[in-house]
Structure formats: C-alpha cells, structure tokens
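Examining the three-dimensional arrangement
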Amino acid sequence: MNRPRRRQATALGLGALLTAMLAFAAPASAAATTAATTTTAATATPLVVNARWGGHCTYDRVVIDLQGYVPAVTVTRVPSLVYDGSGKPVPLAGRYFLEIRLNPAAGHDDAGRNVYRGPKLLKIYLPKLKGLALTGDYEGYVTFGAAFNTKPAYTSFKLHSPERFVLDIAHPNVC
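Before going into details, it helps to say that this report is about the structure given with it. (Residues numbered from 1 in each chain as written. Predicted model: local features only at pLDDT ≥ 70, side-chain atom pairs only at ≥ 80, totals over all residues. Heavy atoms only, no water.)

1. A word on the environment of P162
Following the sequence through the fold, P162 ends up in the loop between β8 (154-159) and β9 (164-170). It is 9.1 Å that separates the C-alpha atoms of P162 and G68, two residues lying 94 residues apart in sequence. (Helix = DSSP H or I, 4+ residues; strand = E, 2+ residues; numbered from the N terminus.)

2. A closer look at the pairing of strand β7 (residues 141-148)
Both faces of the sheet carry side chains from a regular strand, because those side chains alternate between them. For β7, a buried count of 7 out of 8 residues is recorded, marking the element as mostly surrounded by other parts of the structure. Direction of pairing for strand β4 (residues 96-103) relative to β7: antiparallel, over a ladder of 7 bridges. When the bridges of β7 are listed, F97 appears paired with A147. Pairing between strand β6 (residues 129-138) and β7: 8 bridges, direction antiparallel. Opposite Y138, over in β7, you have Y141 as the bridge partner. Linking β6 to β7, which pair antiparallel, is a turn of 2 residues; within it E139 sits at a positive phi near 45°. (Buried < 20%, exposed > 50% of the residue type's maximum accessible area, 1.4 Å probe, protein only. Pairing = 2+ DSSP bridges.)

3. Quick look at unusual backbone geometry
Here the bond from N103 into P104 is cis, since omega is -5°, no more than 30 degrees from zero. Note the cis peptide between S161 and P162, where omega equals 5°. Of note in the backbone geometry, E139 takes a positive phi value of approximately 45° without being a glycine. Relative to the helices and strands, E139 resides in the loop between β6 and β7. E139 gets classed as exposed once you look at its relative accessible area, which sits at 62%. You will see that S161, though not glycine, has its phi angle at about 60°, which is positive.

4. Side note on the sheet that holds β8
If you trace the 4 strands from one edge of the open sheet to the other, you get β1-β2-β9-β8, paired in antiparallel fashion. Two strands in the sheet have a free side with no partner beyond their single neighbour: β1 (47-55) and β8. Each neighbouring strand pair of the sheet contributes to a mean axis angle of 15°, computed without reference to strand direction. (Axes fitted to C-alpha atoms, helices over the stretch in contact; angles between N-to-C directions.)

5. Some thoughts on the state of the cysteines
Counted under the stated rule, the structure contains 1 disulfide. Residue pairing for C57: its cysteine sulfur links by disulfide to C175, the two sulfurs lying 1.7 Å apart. The sign of the S-S torsion, about -100°, decides the handedness of the disulfide formed by C57 and C175: left-handed. Placement of the pair is C57 in the loop between β1 and β2 (59-67) and C175 in the segment after β9, with a sequence separation of 118 residues. Residue C57 is classed as partly exposed on the basis of its relative accessible area of 32%. (Disulfide = S-S within 2.5 Å.)

6. Here we look at the nonpolar core
By size, the foremost hydrophobic cluster in this structure holds 24 residues, and its most contacted members are V48, I100, L102, F144 and L167. At the level of secondary structure, the elements contributing two or more residues to this core comprise β1, β2, β4, β6, β7 and β9. At 4 residues, β7 tops the list of elements feeding residues into this core. Discounting chain neighbours no more than four positions away, the residues touching F144 are V48, A51, I64, L98, E99, I100, L102, Y116, A133, L134 and T135. Formed by 7 residues, the second largest nonpolar core is a distinct cluster that contains V90, L92, F97 and A147. (Core = buried A, V, L, I, M, F, W, Y, C linked by side-chain atoms within 4.5 Å. Contact = heavy atoms within 4.5 Å.)

7. Overview of the sheet that holds β4
The 5 strands lie next to each other as β3-β4-β7-β6-β5, forming an open sheet whose pairing is antiparallel. Looking at which strands have only one partner, the edges of the open sheet turn out to be β3 (72-78) and β5 (121-123). Adjacent strand axes in the sheet meet at a mean angle of 15° when their direction is disregarded.

As far as function goes, none of this settles anything; it's purely spatial.
Below is the structure:
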C-alpha cells in the first residue's frame, strides 16, 4: 500500500473511532445527568403537608400526605402521647395510643416556613379513632399521635402518585 492510501485509511479509521466514542459518550453523559437529578430528587427530605382521616364500614383510616417520597415510617404502641422536645403530655383522651414517626421528613421548608397544613390537635368521633395530633417536627423526624378507647388492630402501607402513608384501624362492621 502506498503512503497516501495508508494515511487516508488511518485517518478514516481514527475518524470512525472518534465518531464511535462520541456516540457512546453522549448518551452516557445524558444518563449521568438524569441519574444525578433523580438521585437529588429522591434524597431531598420529603415534606409532610397534611394529615386526614376517614371512617369506613370496617376500619378507620389515617392518611399522611407528603411531597417528595414516602420515607421510613414506624408505628409504635405507646403508653401515652407526649410532644417531642418538651415531653409535655398531648391532651387527647384515650386509653390506647399509637405513635407514627416518619424519618427523614419535615413539616417545614429549608427557610423554616411551615408547609404542614393539617390538624395540630383534633378530637375525632369515629368507631375506633378518637383523636389525632402532630406531636413533633424536629431534626428530620415528623411524629403524630393517635388516640383510641380500645386496643387498636391496625395495618399500614404506602401509596404513590400522590405520595402518602396510610394507617387502617380495624373495627366491627358499622354499615
């Protein structure tokens, strides 16, 4: 092969290699940008914006609405309800109590403005659920307390689009 053809073949080969590298690099960088955006959105602290309740034929339901994603949630039977930080008793009548704790979560934005618009303390007249209170929004934890006259049997789960945590408390059919 003569010199001009060898140079031409080498140039074509390098051009093809460079084109292939650019073709693979563009989608990878786009995927990396998308992954970074998704990771940032998923790791931002979810905001607790509301808590609501409802009565149904065989269960009472508490729903906690969130912006972002549903974080880890623990539901624990406790002997009494107290406000986080102060330890002062929550004035809800009942003999049995559940503490619902979300982490990480916040009821306020980064500027400290309240985003939680739900009830802070509310007496409820459902077959099982007798009260609901926001008992804490501190250092990445948002805590609620629920009051009952009789021992609650409950199930919990997460729902998406919109994001929410659901607590169902069973009771005999009232319909």
